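Chain and residue survey
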Amino acid sequence: AQSVAQPEDQVNVAEGNPLTVKCTYSVSGNPYLFWYVQYPNRGLQFLLKYITGDNLVKGSYGFEAEFNKSQTSFHLKKPSALVSDSALYFCATGGSARQLTFGSGTQLTVLP
Amino acid sequence: DGGITQSPKYLFRKEGQNVTLSCEQNLNHDAMYWYRQDPGQGLRLIYYSQIVNDFQKGDIAEGYSVSREKKESFPLTVTSAQKNPTAFYLCASSMAQNTGELFFGEGSRLTVL
């Protein structure tokens, strides 16, 4: 069975500082990994995905994620956080859209 | 603009009543999905459809029903058999054979009184 874990329910960071939202995965075979963002009372928006290739994946809104096979991690990062980045972030894994398994989410708060 | 439209955004229901949530997309996507979101949990798949007139149960289909009579539309009915229906419901779509990039609607929040 595939799964992802987001070990932090809440992450707080000051505006302008780098941010990291953590995700670890457990899958058999090659992992397909995704990050989504959800603003309050809205649907999810796709940020980025790792299928194969470079371990550093760049996505929307200046976000990037680093795939680390030895640590089975796929952490989301941004060099300089904005207050508008405050949202709920979900990590997901799955070989196709209908097989996606989502993590429980991490609430990111960027403090002005 | 292309996208997914869910309605209503907020809905209140009395126990024992069925309710239908609408989902319409103009992205020309073949596949559509319904998820349920509860606080502190990830999204859970209720039903999905990869083609018109065909749909499959997801992980938590009990107490729900769907139809897919048109490519653009994938309504979800929450029946009285669903024991804990209060939740945020999200509709999504994707291109066929997609590797996990979903497009989501704005969601419908159902509250059972």
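Because the structure is predicted, anything quoted here is derived from the model rather than measured. (Residues numbered from 1 in each chain as written. Chains lettered and ligands numbered in written order. Predicted model: local features only at pLDDT ≥ 70, side-chain atom pairs only at ≥ 80, totals over all residues. Heavy atoms only, no water.)

Turning to the interface of chain B and chain A, a few remarks are in order. Taken together, the contacts link 24 residues of chain B with 22 residues of chain A. Taken together, the two surfaces of chain B and chain A that pack against each other cover about 1800 Å², and 51% of this comes from carbon and sulfur. At the surface where chain B touches chain A, the tally comes to one salt bridge. Across the salt bridge formed by E106 of chain B and R42 of chain A, the nearest N and O atoms sit 2.5 Å from each other. When contributions to the side of chain B that touches chain A are tallied by element, the ones reaching two or more residues are β4 (31-37), β5 (43-51) and β9 (87-94) of chain B. Sorting elements by how many residues they give to the side of chain B that touches chain A places β5 of chain B first, with four residues. (Contact = heavy atoms within 4.5 Å. Buried area = accessible area lost by both parts, 1.4 Å probe. Salt bridge = Lys/Arg side-chain N within 4 Å of Asp/Glu carboxyl O. Helix = DSSP H or I, 4+ residues; strand = E, 2+ residues; numbered from the N terminus.)

Residues and elements named next belong to chain B. Relative to the elements of secondary structure, S108 occurs in strand β11 (residues 108-112). By relative accessible area, which is 1% here, S108 ends up buried. In this structure the side chain of S108 is engaged in a polar contact, spanning 2.6 Å, whose partner is the backbone oxygen of P8. The residues contacting S108, other than those within four sequence positions of it, are Q6, S7, P8, K9, L21, A87, F88 and Y89. (Buried < 20%, exposed > 50% of the residue type's maximum accessible area, 1.4 Å probe, protein only. Polar contact = N/O pair within 3.5 Å; in protein donor to acceptor, adjacent residues only side chain to side chain.)

This brings us to the packing of aromatic side chains. By the definition in use, this model includes 13 aromatic pairs over all chains. Arranged with centres 5.8 Å apart and planes meeting at 75°, the rings of Y36 of chain A and F46 of chain A form a pair that is edge-to-face. Separated by 10 residues along the polypeptide, Y36 of chain A in strand β5 (residues 33-38) and F46 of chain A in strand β6 (residues 44-50) bring together distant segments of the chain. Overall, Y36 of chain A belongs to the buried group, its relative accessible area being 0%. Put simply, the rings of Y36, F46 and F102 of chain A together with Y33, Y35, Y48 and F104 of chain B pair up and form one aromatic cluster. Over the ring of F63 of chain A we find K78 of chain A, and its NZ or CZ is 5.0 Å from the ring centre. The aromatic ring of F74 of chain B is capped on one face by R68 of chain B, whose charged end is 6.0 Å from the ring centroid. (Phe/Tyr/Trp six-rings, centres within 6.5 Å; stacked < 30°, edge-to-face > 60°. Lys NZ or Arg CZ within 6 Å of the ring centre and 35° of its normal.)

A separate point is the environment of S3 of chain A. Residue and element names in this part refer to chain A. For S3, the position within the fold is in strand β1 (residues 3-5). Sequence spacing of S3 and Q107 is 104 residues, and the spatial spacing of their C-alpha atoms is 19 Å. Dropping the residues within four chain positions of it, S3 is found in contact with T24, Y25, S26, T93 and T101.

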